[in-house]
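Listed here are the chains, written in short residue letters.
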Amino acid sequence: MAKIDDINQRILRELCRDGRQSNLDLAEKVGLSPSACLRRVQELERAGVIKGYRAVLDPAKIGIGFVAYVTVGLNTHTKPAQEAFERAISRAGQVTECHNITGTVEYLLRVEVADLVAYKHWHTEVLGVLPQVQSITTFVVMDSPKDLRA
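Report on the accompanying structure.

Looking at the nonpolar core
The tendency in soluble globular proteins is for nonpolar side chains to be buried side by side.
So, point 1. The biggest cluster of nonpolar side chains holds 19 residues, and the ones touching the most others in it are Val-70, Val-72, Phe-85, Leu-109, Trp-122 and Leu-127.
So, point 2. Elements that contribute at least two residues to this core include exactly strand 1 (66-74), helix 4 (79-90), strand 3 (107-113) and helix 5 (116-127).
So, point 3. The element best represented in this core is strand 1, accounting for 5 residues.
So, point 4. Beyond its immediate chain neighbours, meaning those up to four positions away, Phe-85 contacts Val-72, Leu-74, Tyr-107, Leu-109, Leu-127, Leu-130, Gln-132 and Val-133.
So, point 5. Membership of the second largest hydrophobic core comes to 13 residues, among which are Ile-11, Leu-12, Leu-26 and Val-41.

Below you can see the structure in the form of structure tokens.
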């Protein structure tokens, strides 16, 4: 496992800000030689600390105008019910995150669709027909003043 010292923390912070920056730029920002910086990044990748790199998309430019967090309570608290629910959700392209949580409900979903009409269809025709679902509560995202995923 890679040691997460102060330099590695700075490397990770910089890569989270811009995963496409050159090794030369990254090395300069964290105060290392390019070769030492590259060795550290490669070790963080090999150790699984850095799991991958991805593009951050502009939702509006790909037709996403409605984002909601949805809590889902199941009607049966069994492993087969959870597995069936998770299989169904894994096939739902509108769900960008699915978290099994503690509390009064079992799941928290992030749902991204074109608009309210599309959400209503997904809510009624996809989520609402799953036999494991007992309760659904929707929290509409109006703005995201802090989102470190972006």
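Section: helix 3 (residues 34-46)
So, point 1. Taking 1.5 Å of rise per residue, the 13 residues of helix 3 would be expected to cover 18 Å, and the 18 Å separating its terminal C-alpha atoms lies within 8% of that figure.
So, point 2. Taken together, the buried positions of helix 3 are occupied by Ala-36, Cys-37, Val-41 and Leu-44. End-on, the buried residues of helix 3 take up no more than an arc of 135°, which puts them together on one face. The outward face of helix 3, more than 90 degrees from its buried face, is lined by the exposed residues Arg-39 and Arg-46.
So, point 3. Where helix 3 ends, the next residue or the one after it, Gly-48, has phi of about 80°, a positive value.

Some details on the side chain of Gln-132
So, point 1. By the element assignment, Gln-132 lies in the loop between helix 5 and strand 4 (133-140).
So, point 2. Aside from chain neighbours lying at most four places away, what touches Gln-132 is Gly-73, Leu-74, Asn-75, Ala-81, Ala-84 and Phe-85.

Focus on the pattern of salt bridges
So, point 1. Evaluated as defined, the whole model comprises 6 salt bridges.
So, point 2. For the salt bridge of Arg-17 with Glu-14, the shortest nitrogen-to-oxygen distance reads 2.8 Å. Here Glu-14 and Arg-17 lie together in helix 1 (residues 6-17), a separation of 3 residues that amounts to about one turn.
So, point 3. Residue class for Glu-14 comes out buried when judged on its relative accessible area of 15%.
So, point 4. A cluster of three or more residues bridged by salt bridges with shared partners is formed by Glu-14, Arg-17 and Lys-29.

Side note on helix 2 (residues 23-30)
So, point 1. Residues Leu-26, Ala-27 and Val-30 constitute the buried set of helix 2. Looking down the long axis of helix 2, one finds its buried residues gathered within 100° of arc, a one-sided arrangement. Exposed residues on helix 2 whose side chains face more than 90 degrees from its buried face are Leu-24 and Glu-28.
So, point 2. Tucked inside the fold, the buried residues of helix 2 contact helix 1 and helix 3.
So, point 3. Of the residues trailing helix 2, Gly-31 is marked for its positive phi of about 80°.

Section: the packing of aromatic side chains
So, point 1. In the structure shown here, the tally under the stated rule is 3 aromatic pairs.
So, point 2. Each ring, one from Phe-85 and one from Tyr-107, has its centre 4.6 Å from the other, and the planes form 40°; the classification is tilted. With a gap of 22 residues between them, Phe-85 in helix 4 and Tyr-107 in strand 3 connect regions that are remote in the sequence.
So, point 3. An aromatic cluster is defined as three or more aromatic residues linked by ring pairs; in this entry it consists of Phe-66, Tyr-119 and Trp-122.

Here is what the cut-offs are and how they apply
- Residues numbered from 1 in each chain as written.
- Predicted model: local features only at pLDDT ≥ 70, side-chain atom pairs only at ≥ 80, totals over all residues.
- Heavy atoms only, no water.
- Core = buried A, V, L, I, M, F, W, Y, C linked by side-chain atoms within 4.5 Å.
- Buried < 20%, exposed > 50% of the residue type's maximum accessible area, 1.4 Å probe, protein only.
- Helix = DSSP H or I, 4+ residues; strand = E, 2+ residues; numbered from the N terminus.
- Contact = heavy atoms within 4.5 Å.
- Expected span 1.5 Å × (residues − 1).
- Arc of directions from axis to C-beta.
- Salt bridge = Lys/Arg side-chain N within 4 Å of Asp/Glu carboxyl O.
- Phe/Tyr/Trp six-rings, centres within 6.5 Å; stacked < 30°, edge-to-face > 60°.

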